[in-house]
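Observations on the three-dimensional arrangement
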Amino acid sequence: QRIDPVVKGFVDETEQSEAIALKILNSRYEFKNTAVLLRTNYLMRDFEFAFRRYHIRYKVVGGTPFYEKAHIKDILAFLKFEYNSNDRISFIRIITMGKGIGAKTAEKIYEGFRSYNFNYAAAQLLKVPRKSSSDVLKIFKIMEGSSRRLLPADKMRFIYKNFYMKYLIDEYDTDNIASRQSDI
């Protein structure tokens, strides 16, 4: 069966992705028989938001899904750990952002922090390699500061402004910084 393409204009990418997601939901075709072709990967973020909102299963081909990008996982790790201190994986992701902290050391720091009932005031008592102590204490200070903010958006702004922006610049290729900043 032949289906002719449709050309429409939208105010912005969000409106476009919402309209297409709703069109997919209301179509008579199965998700597995539906494709959305994008001319550039940055548009995928809005589609992923819309697809998740409407519970449309999707697969990204030729790019990295938004929520699987390292910088998105980094920022979300702060929020995930704050809402669930038993999330060891998120904690390790956060604490290994400190210079000289690997997974084994991060695991020991997590266990120590847990033994103090995740009390930020006890962070200075944890055994941390001397070369990494200032970074680790800074990360704990950021985590504590984030916990004092009410809204997730405010928490993310605080983390980004006071810690992650510098980490992003120090750790990632400068060619991709603007794109990563836009994602966050």
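First things first, this report covers the structure right here in the doc. (Residues numbered from 1 in each chain as written. Predicted model: local features only at pLDDT ≥ 70, side-chain atom pairs only at ≥ 80, totals over all residues. Heavy atoms only, no water.)

1. Regarding the overall build of the protein
For the protein, the helix and strand inventory stands at 8 helices and 0 strands. Written out in order from the N terminus, the α and β elements of the protein read α-α-α-α-α-α-α-α. The globule rule puts the C-alpha radius of gyration for 184 residues at 16 Å, and the 21 Å found for the protein is more than 25% above it. By principal-axis analysis of the C-alpha atoms, the protein measures approximately 70 × 35 × 30 Å. Taking all 184 residues of the protein together, 35% fall into the buried category. Look at the contacts in the protein between residues 6 or more apart in sequence, and 50% of them connect residues 24 or more apart. For the protein, the exposed area adds up to about 12300 Å²; of that, 51% sits on carbon and sulfur atoms. Here the protein carries 32 positive and 22 negative side-chain charges, and the mean point of each set is 4 Å from the other. (Helix = DSSP H or I, 4+ residues; strand = E, 2+ residues; numbered from the N terminus. Rg over C-alpha atoms; globule rule 2.2 N^0.38 Å. Buried < 20%, exposed > 50% of the residue type's maximum accessible area, 1.4 Å probe, protein only. Contact = heavy atoms within 4.5 Å. Areas by Shrake-Rupley, 256 points an atom, 1.4 Å probe, with all protein chains shown as cover. Lys, Arg positive; Asp, Glu negative; His and termini not counted. Charge placed at Lys NZ, Arg CZ, Asp CG, Glu CD.)

2. Some words on unusual backbone geometry
Of note, histidine 55 is a non-glycine position whose phi angle comes to about 55 degrees, a positive value. If you trace the backbone, histidine 55 turns up in the loop between α2 (44-53) and α3 (70-83). On the basis of relative accessible area, histidine 55 is assigned to the exposed category, the value being 67%. Its identity is not glycine, yet phenylalanine 118 carries a phi of approximately 55 degrees, on the positive side. A residue is classified by how much of its surface remains accessible, and phenylalanine 118, at 18% relative accessible area, is buried.

3. A closer look at the packing of aromatic side chains
By the definition in use, this model includes 16 aromatic pairs. Each ring, one from phenylalanine 78 and one from phenylalanine 163, has its centre 6.1 Å from the other, and the planes form 65 degrees; the classification is edge-to-face. Of this pair, phenylalanine 78 sits in helix α3 while phenylalanine 163 sits in helix α7 (residues 152-171); the two residues are 85 residues apart in sequence, bridging distant segments of the chain. Summarising the burial analysis for this pair, phenylalanine 78 and phenylalanine 163 share the class buried. Judged by centre distance (5.8 Å) and plane angle (50 degrees), the rings of tyrosine 110 and phenylalanine 118 are tilted. Both residues of the pair, tyrosine 110 and phenylalanine 118, belong to the buried class. Counting every residue linked through ring pairs, the aromatic cluster contains Phe81, Phe91, Tyr110, Phe113, Phe118, Tyr120 and Phe140. (Phe/Tyr/Trp six-rings, centres within 6.5 Å; stacked < 30°, edge-to-face > 60°.)

4. Some remarks on helix α5 (residues 103-115)
Its 13 residues place the ends of α5 18 Å apart at the C-alpha level, agreeing with the 18 Å of an ideal helix rising 1.5 Å per residue. If you check which residues of α5 are buried, you get Ala106, Ile109, Tyr110, Gly112 and Phe113. On an axial view of α5, the arc spanned by its buried residues comes to 165 degrees, and they lie on one face. Projecting away from the buried face of α5 at angles above 90 degrees are the exposed residues Lys104, Lys108 and Ser115. For α5, the elements touching its buried residues are α3, α4 (88-95) and α6 (133-147). Just downstream of α5 lies asparagine 117, where phi reads positive at about 55 degrees. (Expected span 1.5 Å × (residues − 1). Arc of directions from axis to C-beta.)

Coordinates in, geometry out; function isn't part of it.
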